[in-house]
Amino acid sequence: MDKNTYIETKLDIALKGDILEGKKKLIVLTGNAGDGKTAFIQLIESAVCEQGGLFKSQTDNGCIFEFNGFQFETLYDGSQDFKGSSNESVLKTFFKPFEGDNEPDAKLVKIIAINEGKLRDFIIKKREYSWLGKHVHHYLEYEEHQLPNSLAFVNLNNRSIVELDNNNSIFDKLLTIFLDKAKENNFWEHCSQENCDYSARCYIKQNIDTFLDEKLGPIVQERLKELILILYLKRIKHITIRDIRSLISFILFNKFTCFDIQKQI
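Everything numeric in this text was worked out from a predicted model, so none of it was measured.

### Notes on the packing of helix H1 (residues 10-20) against helix H2 (residues 37-50)
For any two helices packed against each other, the geometry comes down to the angle between their axes and how far apart the axes lie. Contact geometry of H1 with H2 gives a least axis separation of 11 Å together with a crossing angle of 50 degrees. Looking at the two axes, H1 sits oblique to H2. Handedness of the crossing formed by H1 with H2: right-handed. Residues Leu11, Asp12, Leu15, Lys16, Ile19 and Leu20 of H1 touch H2, and the partners they reach there are Phe40, Leu43, Ile44, Ala47 and Val48. For the contact of H1 with H2, a count of residues per class yields nine nonpolar, no polar and two charged.

Right under this line is the structure:
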């Protein structure tokens, strides 16, 4: 399901190619849990694996591999301890090449997901990261700061999940995946009256048909987007990709399986 419902964004379109070509030496991803940081990192790893990259080490928190003459290292969570190693120790090892007053000249690519506060506290307060600390500080404090081409900082808190008057938002794309009957392994191939004796009385089938209705579907979809935006604009909740996927799933399916529904109707 994670793979089938992955939504490509500008990260995949603009940044993925630069990473695989070794144009970036450090990519820092910040944001809330569920924003898609780990999913993007693992997408890079999958692309490398498909293209013949040499994996040297794989753990639950990242990988080390070689690709196109570059040494890659990924870290899924740079804000936590990991298997007996303190967070401080994990970060010192990861950022070791970036110690000093100048950009490292090694052919390396490092990708890390880390809490913004942790990044600030670890890098800026340590003298050994003079070059990197300067850019981290300026990036976090001054919007107009231009990073070196070798660095990329991405704050996924700033990504828009739902947009009115835009039928190509992340929400719209994700809903389309859930509703798509044309997929090779679509969700609804067994829900027709020919295949299911309960289809005429099933609320899930009714929900799907409502969203797919040519006249009613767009109206219902737009009203749902308005409700989600109210939550966002009133700052009730920061909305992540994980939240949107869970919300769509709950609205369409609730928490019952086909077997549960059949017992009740």
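That shown, we press on.
### Things to note about the layout of surface pockets
Summary: where empty space remains is shown by rolling a probe the size of a single water molecule over the atoms. Looking at the second largest pocket, its volume works out to about 350 Å³. Together, 16 residues line the second largest pocket, and Thr9, Lys10, Leu11, Arg159 and Ile170 are the ones closest to its centre. Contributions of two or more residues to the lining of the second largest pocket are made by H1 and helix H6 (170-179). With five residues, H1 is the largest single contributor of residues to the lining of the second largest pocket. In terms of residue class, the lining of the second largest pocket is made up of six nonpolar, five polar and five charged.

### Thoughts on unusual backbone geometry
A positive phi is found at Lys83, a non-glycine position, where the angle reads about 45 degrees. Considering the arrangement of structural elements, one finds Lys83 in the loop between strand E4 (70-75) and helix H3 (87-94). A positive phi angle, close to 60 degrees, is found at Asn254, a residue other than glycine. Residue placement: Asn254 occurs in the loop between helix H9 (241-253) and helix H10 (258-264).

### Focus on the sheet that holds strand E6 (residues 151-155)
Ordered by their spatial adjacency, six strands build an open sheet running E2-E3-E4-E5-E1-E6, and the pairing between neighbours is mixed. Of all the strands in the sheet, just strand E2 (54-59) and E6 have a single pairing partner and so form its edges. Direction aside, neighbouring strands of the sheet carry axes that sit 10 degrees apart on average. Docked against the sheet, H1 engages strand E1 (26-30), strand E3 (62-67), E4, strand E5 (108-113) and E6, running at close to 150 degrees with respect to E6. Here helix H5 (residues 130-141) sits on the sheet and contacts E1 and E6; the angle it forms with E6, its principal contact strand, is near 35 degrees.

Conventions we followed
- Residues numbered from 1 in each chain as written.
- Predicted model: local features only at pLDDT ≥ 70, side-chain atom pairs only at ≥ 80, totals over all residues.
- Heavy atoms only, no water.
- Axes fitted to C-alpha atoms, helices over the stretch in contact; angles between N-to-C directions.
- Helix = DSSP H or I, 4+ residues; strand = E, 2+ residues; numbered from the N terminus.
- Parallel < 35°, antiparallel > 145°, perpendicular 65-115°, else oblique.
- Left-handed = near helix turned anticlockwise from the far one by under 90°.
- Contact = heavy atoms within 4.5 Å.
- Nonpolar A, V, L, I, M, F, W, Y, C, P; charged D, E, K, R; others polar.
- 1 Å grid on protein atoms, 1.4 Å probe; cavity = no way out; pocket = protein on both sides within 12 Å on 5 of 7 lines; lining within 4 Å.
- Points joined across faces, edges and corners; volume = space filled by probe spheres on them.
- Pairing = 2+ DSSP bridges.

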